[in-house]
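# Breakdown of the fold
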Amino acid sequence: MVLSMIRQSLRRTPDVSALPTVIEPVADAAAPVPPDGTGVLSYQWLLDPKKQIIGYRLAWRPVRSQEASDAAACLQALVATVASGFIDRHGQWGMAKMGLLFDVTPQALARLDWCGLPPKNVVLCWRAADFEHPDTLPLLRQLRAQGFGHMVSGTLAPDNEACELATHFDVDAGDPALLAASRSIGRKPMLPVATRMENWSGFDACASRRVPVLVQPDVAAPALAARPSLEPESMLIIRLLQMVQRNEDIREIEAALKHDAAITYRFLRHINSPAVGSGVEIESLRHAVAMLGYARLFRWLSMLLATTDMKAKPAFLMKKAIIRGRFVELLGQALLGPRHADNLFLAGMFSVIEELLGVPMAELLAKVQLGEPVQQAIADRGGIYGPFLELALAVEAGGGEAEAIADRLCMGATHVNAAHLAAIAWSQEIGRADAAC
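Described in the following lines is the structure provided in the data block.

Moving on, we come to the overall build of the protein. Of regular secondary structure, the protein possesses 20 helices and eight strands. In the protein, which comprises 437 residues, the share counted as buried stands at 54%. The contacts of the protein with a sequence gap of at least 6 include a subset with a gap of at least 24, amounting to 65%. Accessible area for the protein stands at about 19,000 Å²; split by element, carbon and sulfur atoms hold 53% of it.

And the structure:
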């Protein structure tokens, strides 16, 4: 039904963007996934006290055709999928210091192939009963010697030899007794991790103790203080977006960019970064705008709008906007074609913009007049882009709805997972480029 509606809409609806379309190539992270199992990847963010993403706790939801009780097969499928997304064709790890947490059992680890994931970035999450079992001790030692971390959930006996191998400790929602145990059991303190966040007040309590917290990607961000209007930097970016929409002369756009030295510097750094990969060293603003093209300039300005006034916004929320935009783009390109890529990206990213800026969506849309199909997707998941945004939201929520939505779009779990991991990897590249600015 949805597929038929999309195809009918494509026949009768012209491309909403009057801008020339320049599509960025999909990164190596979208490479085919090894056929070790079929399921949908889900995760929680691991946030540090500054609300920056420092890791992901990964999980695997098997589709109907798979046996959910086969923990070893599910873990192998998850590891293979993640490795295919975060390790490029040259075998290079693309996630810098980002940590990956996997729930494990001794049985699931017995014949596991880690597919090249770097051990120093991986933390294995154990139940205390499995961790302390005498038969598991040699495996724990071997994995720790290779560089893997161990996180334990539950009560540990202080005199158990396995305690010396634990690097992280599950403190639930920041329980004081568990926090004390993380420091007192074993010769070295374990890093406490709060695995259950009840609300943002609970997060703040953990942050005050420097305890990282696991958070669901679909959680509502803490409310921003009410603002009478947009910040001056945001207003300039919106003015630039409007100029691009009107296809104004490059010289006029260049003159407007020069009003803010910080934006100009970030723009030049961005276009010279590996994330853009033009291969041409660019010195002048006019040359940069001409090289990037109006469509990609609009896309970059939209991302910049999401990352303005960074001190006032939760860091993870800016990453969420970029990941969702890219995720929706990669999902939709397979069916709609590359000419819709920028509009798909905008539908995903602008679905988070109200949370980011603390300004009602109606006010934003009055200033940045997005095309009707993009607005329909944001408003009620309607139009030709709506189903792809709906699918991205379902995957973020980690629920079973994702499979049904993907089925309606004739889209397999393999493509959904590859697109999601590619979006995360791409956000890392964008983040490194912005950090250098």
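Now that the structure is up, let's keep going.
Moving on, we get to unusual backbone geometry. Positive phi outside glycine occurs at C115, with the angle close to 55°. When its relative accessible area of 29% is taken as the criterion, C115 is described as partly exposed.

Contact pair helix α10 (residues 261-271) / helix α12 (residues 294-306): the axes reach a minimum separation of 12 Å and the direction vectors enclose 125°. In terms of their interaxial angle, α10 and α12 are classed as oblique. The element α10 and its partner α12 pack so that their crossing is right-handed. Together, I263, R266, F267 and H270 of α10 and L297, W300 and L304 of α12 make up the contact between the two elements. Tallied by class, residues from the contact of α10 with α12 come to five nonpolar, one polar and one charged.

Once that is clear, we can look at helix α19 (residues 401-408). Regarding α19, the residues found buried are A402, E403, I405 and A406. Buried positions in α19, seen along its axis, are confined to an arc of 165° and lie on one side of it. Of the residues flanking the end of α19, it is C410, one or two places downstream, whose phi is positive at about 55°.

Right, let's talk about the sheet that holds strand β1 (residues 39-47) for a bit. On the basis of which strands lie adjacent, the open sheet formed by eight strands has the order β7-β6-β5-β4-β3-β2-β1-β8 and mixed pairing. In this open sheet, the two edge strands, each paired with only one partner strand, are β7 (191-193) and β8 (213-215). This sheet shows a mean twist of 30° between the axes of neighbouring strands, independent of strand direction. Across four bridges, strand β2 (residues 53-62) lies against strand β3 (residues 99-103) in parallel orientation. Following the sheet pairing, Y56 is matched in β3 by L100.

Turning to helix α5 (residues 137-146), a few remarks are in order. Restricting attention to buried positions, one finds in α5 the residues L137, L140 and L143. Down the axis of α5, the buried side of the element spans an arc of 130°, and every buried residue falls inside it. Positive phi appears at G147, one or two residues downstream of α5, with a value of about 115°.

Let us now look at the pattern of salt bridges. Evaluated as defined, the whole model comprises 16 salt bridges. The salt bridge partner of R286 is E254, with a shortest N-O separation of 3.0 Å. With R286 in helix α11 (residues 285-292) and E254 in helix α9 (residues 250-257), this residue pair connects regions lying 32 residues apart in the sequence. Overall, the relative accessible area of 42% leaves R286 in the partly exposed class. Using a relative accessible area of 9% as the deciding quantity, one classes E254 as buried. Ionic contacts of the salt-bridge type, sharing partners, join the residues R299, R326, E329 and D342 into one network.

Moving on, we get to the side chain of R324. Turning to its location among the elements, R324 is positioned in helix α13 (residues 315-336). Residue class for R324 comes out buried when judged on its relative accessible area of 5%. Not counting chain neighbours up to four residues away, the residues in contact with R324 comprise G348, S351, V352, L389, L393 and E396.

Burial of strand β5 (residues 149-153) is extensive: four of the five residues sit out of reach of the surface. Summarising the sheet, strand β4 (residues 122-127) and β5 pair through five bridges and their orientation is parallel. If you follow R127 over to β5, its bridge partner there is S153. In this structure, β5 lies alongside strand β6 (residues 168-170), joined through two bridges in parallel fashion. Residue pairing in the sheet places M151 in a bridge with H168 of β6.

This part is about the nonpolar core. Ranked by size, the top nonpolar core spans 140 residues in total, and within it Y56, F102, W114, L117, I353 and L391 carry the most contacts. When residues in this core are grouped by element, the largest group, eleven residues, is from α13. Excluding residues within four positions of it along the chain, W114 makes contact with V79, F102, L109, V122, L124, L143 and F148. Membership of the second largest hydrophobic core comes to seven residues, among which are L46, V123, C125 and M151.

Conventions adopted
Residues numbered from 1 in each chain as written. Predicted model: local features only at pLDDT ≥ 70, side-chain atom pairs only at ≥ 80, totals over all residues. Heavy atoms only, no water. Helix = DSSP H or I, 4+ residues; strand = E, 2+ residues; numbered from the N terminus. Buried < 20%, exposed > 50% of the residue type's maximum accessible area, 1.4 Å probe, protein only. Contact = heavy atoms within 4.5 Å. Areas by Shrake-Rupley, 256 points an atom, 1.4 Å probe, with all protein chains shown as cover. Axes fitted to C-alpha atoms, helices over the stretch in contact; angles between N-to-C directions. Parallel < 35°, antiparallel > 145°, perpendicular 65-115°, else oblique. Left-handed = near helix turned anticlockwise from the far one by under 90°. Nonpolar A, V, L, I, M, F, W, Y, C, P; charged D, E, K, R; others polar. Arc of directions from axis to C-beta. Pairing = 2+ DSSP bridges. Salt bridge = Lys/Arg side-chain N within 4 Å of Asp/Glu carboxyl O. Core = buried A, V, L, I, M, F, W, Y, C linked by side-chain atoms within 4.5 Å.

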